[in-house]
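Coordinate analysis (summary)
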Number of protein chains: 2
Amino acid sequence: MLHFNTTDFKGWERFYRANFFNSIGGFKPLNLIGTTNKQGVHNVAPFFSVLHLGANPALLGVLFRPHTVPRHTLENILKNGYFTVNAVDKSIYQKAHQAAAKYETEVSEFEAVGLRPKFSTNCKAPFVAESKVAVGCRLEEDHHIAANDTILIVGRIMEAFVDQTALGSDGFIEHDAVDTVTVNGLDAYYQPQKIDRLSYPRPNQPLHSLKDE
Amino acid sequence: MLHFNTTDFKGWERFYRANFFNSIGGFKPLNLIGTTNKQGVHNVAPFFSVLHLGANPALLGVLFRPHTVPRHTLENILKNGYFTVNAVDKSIYQKAHQAAAKYETEVSEFEAVGLRPKFSTNCKAPFVAESKVAVGCRLEEDHHIAANDTILIVGRIMEAFVDQTALGSDGFIEHDAVDTVTVNGLDAYYQPQKIDRLSYPRPNQPLHSLKDE
């Protein structure tokens, strides 16, 4: 095992350090966030910092790192109060990656990368029509993280679109059934293969596979 | 496409709703968090809410949902100020799952599930010896999320252990090389297969695969 400490971290070249810490925490969800700016231009950009916060009320968080990603998405959310979170599958991951390019404010990333916006009457932000699992959110809170000047946005899930093939009888979303990808670092994409679902863990009771049920 | 709104969400049975919202955001990293309580008992528990916050300084976040997970980990972090984050691979995912069982305070989950604690002089919390990628963190900030009474812990990464086979020449951690798993919902485990790494995205420039370089 290699071992590194804060003296090592400080000595690393900038991109090496960014790669290391961007990837060390493991595989992350990949979602496209859709927003609309005050000129009515529809923005879409990929994020791997969407966090489940709770089911009742249904809440999620998104972490914005102002210095390393374009701020259009954050500004739009703070201004109009709505955003959509759209799962990225194997058929659109290259378009999702391209949507991270630093386009000018007046350019819609939907048009630039070839994704279609989709609208719902409940949500003042565009969904990604190609996405098979998506939620529309209303801004609920924002938190400033002092240690590195990042912002955690808390959104309340107001509606959801789910491809029928992805919804299990127990409410579980089978993301592998619609080829949802996972990401690590800024540029590595993976397709997860299911190993197993395990029974509810209790002290001193053996686990069993839910596949056998 | 199926469509659901807040009226649907309210009508759902509790476990159906929990499954739906726990899984809708996509694949998540799976990490074991190691802590020590004031009696000196070493605690370890799985979390899928570890979030990359930044590379310089090296920071990560962990979201704690007090009502649905045991609070030992959060209490220990707030009391002694240190915790470790250890990647879960295919050889230990069942032990990691079992570590989520509600053990009594005086029971060490390390012993209960058959994982070994490992110690470093810099970090007042146990690492998981079996883990191939792990970081030791010092508590930096905690944020209360009012919307559902959850807590975001911000930790500063003070040291890292990485299996040599997982560290790429550019600093990128190749989690697939050490069989790190990804999780969705509370009980579904997956092994990611790499699709590709893509070049840095720029407006009006075609992407290419980094495999070809």
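Fair warning: this is a prediction, and the values are worked out from it, not measured in the lab.

**As for the overall build of chain A**
- Within chain A, the secondary structure is distributed over five helices and 13 strands.
- Relative to the 2.2 N^0.38 estimate, which gives 17 Å for 213 residues, the radius of gyration of chain A is 19 Å and therefore close to what a compact globule would have.
- Principal-axis analysis of the C-alpha atoms gives chain A an extent of 60 × 50 × 30 Å.
- Per-residue burial over chain A gives 62% buried out of 213 residues.
- Long-range contacts, defined as pairs at least 24 residues apart, comprise 57% of the intrachain contacts of chain A with a sequence gap of at least 6.

**What about the state of the cysteines?**
- Evaluated as defined, the whole model comprises zero disulfides over all chains.
- The thiol of A:Cys123 is unpaired, and the distance to the nearest cysteine sulfur, on A:Cys137, comes to 7.2 Å.

**Remarks on the packing of aromatic side chains**
- Within the structure shown, the criterion is met by 26 aromatic pairs over all chains.
- Ring geometry for B:Phe27 and B:Tyr190: centres 4.8 Å apart, planes at 75°, overall edge-to-face. Separated by 163 residues along the polypeptide, B:Phe27 in the loop between α2 (14-23) and β2 (28-29) and B:Tyr190 in strand β13 (residues 188-197) bring together distant segments of the chain. B:Tyr190 matches B:Phe27 in its accessibility class, with the two residues each being buried.
- Ring-pair connections join several aromatic residues into one group, and the members of that group are A:Phe4, A:Phe9, A:Trp12, A:Tyr16, A:Phe20 and A:Phe21.
- Across the ring face of A:Phe15, the terminal group of A:Arg14 is positioned such that the distance to the ring centre comes to 4.7 Å.
- Here the guanidinium or amino end of B:Lys28 rests over the ring plane of B:Phe48, the centre of that ring lying 6.0 Å away.

**A look at helix α3 (residues 72-80) of chain A**
- Turning to α3(A), its buried residues number three or more, namely A:His72, A:Thr73, A:Leu74, A:Asn76 and A:Ile77.
- Positive backbone phi, approximately 80°, marks A:Gly81, located one or two places after α3(A).

**Here we look at the pattern of salt bridges**
- Applying the stated criterion to the full structure yields 14 salt bridges over all chains.
- In this structure, B:Glu130 and B:Arg116 form a salt bridge, with 3.5 Å as the shortest nitrogen-oxygen distance. With a gap of 14 residues between them, B:Glu130 in the loop between β9 (123-128) and β10 (133-145) and B:Arg116 in the loop between α5 (109-113) and β8 (117-120) connect regions that are remote in the sequence.
- Its salt-bridge partner being B:Asp170, residue B:Arg197 comes within 3.2 Å of it at the nearest N-O pair. Of this pair, B:Arg197 sits in strand β13 while B:Asp170 sits in the loop between β11 (150-162) and β12 (182-184), placing them 27 residues apart in sequence.
- Where salt bridges share partners, they join A:Arg138, A:Glu140 and A:Arg156 into one cluster.

**Examining the confidence of the model for chain A**
- In this model, chain A carries a mean pLDDT of 94, and residues with pLDDT of at least 70 account for 97%.
- Interface confidence in the predicted complex, given as ipTM, is 0.95; pTM for the same model is 0.95.

**Here we look at the sheet that holds strand β12 (residues 182-184) of chain A**
- Strand order across the open sheet formed by six strands is β2(A)-β12(A)-β13(A)-β13(B)-β12(B)-β2(B), with antiparallel pairing between neighbours. Where the open sheet ends on each side, the last strands, each with one partner, are β2 (28-29) of chain A together with β2 of chain B.
- In this sheet, β12(A) lies alongside β2(A) in antiparallel orientation, the contact comprising two bridges. Bridge pairing in β12(A) links A:Lys28 to A:Val183.

**Overview of the relation of the copies chain B and chain A**
- By a simple turn and slide, chain B fits onto chain A: the slide is 0.0 Å along the axis, the RMSD is 0.0 Å, and the turn is 180°. Within this description, the copies of the chain are treated as partners about a two-fold rotation axis. Relative to the rotation axis, the closest C-alpha in chain B is found at B:Pro192, a distance of 1.9 Å.
- Same-surface contact between copies: 100% of interface residues of chain B are shared with the interface of chain A.

**Overview of unusual backbone geometry**
All names here are of chain A.
- For the bond from Asn56 to Pro57, the omega torsion is 5°, close enough to zero to count as cis.
- Looking at the element boundaries, Pro57 is found in the loop between β5 (50-55) and β6 (58-64).
- In the Ramachandran plot, Asp179 falls in the positive-phi region, its phi being about 60° despite a non-glycine side chain.
- As for its placement among the helices and strands, Asp179 is situated in the loop between β11 (150-162) and β12.

**Topic: the interface of chain B and chain A**
- Every contact between the two is made by 106 residues of chain B and, on the other side, 106 residues of chain A.
- Counting the surface lost from both chain B and chain A, the interface buries some 9000 Å², and carbon and sulfur atoms represent 65% of this.
- Our enumeration of links across chain B and chain A arrives at two salt bridges.
- We note a salt bridge from A:Asp187 to B:Arg197, for which the minimum N-O separation is 2.9 Å.
- In terms of residue count, β13(B) provides more of the side of chain B that touches chain A than any other element does, 10 residues in total.
- Tallied by class, residues from the side of chain B that touches chain A come to 51 nonpolar, 36 polar and 19 charged.
- When strand β13 (residues 188-197) of chain A meets β13(B), the two strands line up antiparallel, connected through nine bridges. The partner of A:Tyr190 across the bridge, within β13(B), is B:Lys194.

The rules behind the values
Residues numbered from 1 in each chain as written. Chains lettered and ligands numbered in written order. Predicted model: local features only at pLDDT ≥ 70, side-chain atom pairs only at ≥ 80, totals over all residues. Heavy atoms only, no water. Helix = DSSP H or I, 4+ residues; strand = E, 2+ residues; numbered from the N terminus. Rg over C-alpha atoms; globule rule 2.2 N^0.38 Å. Buried < 20%, exposed > 50% of the residue type's maximum accessible area, 1.4 Å probe, protein only. Contact = heavy atoms within 4.5 Å. Disulfide = S-S within 2.5 Å. Phe/Tyr/Trp six-rings, centres within 6.5 Å; stacked < 30°, edge-to-face > 60°. Lys NZ or Arg CZ within 6 Å of the ring centre and 35° of its normal. Salt bridge = Lys/Arg side-chain N within 4 Å of Asp/Glu carboxyl O. pLDDT = per-residue confidence, 0-100. Pairing = 2+ DSSP bridges. Least-squares fit on C-alpha atoms with pLDDT ≥ 70 in both. Buried area = accessible area lost by both parts, 1.4 Å probe. Nonpolar A, V, L, I, M, F, W, Y, C, P; charged D, E, K, R; others polar.

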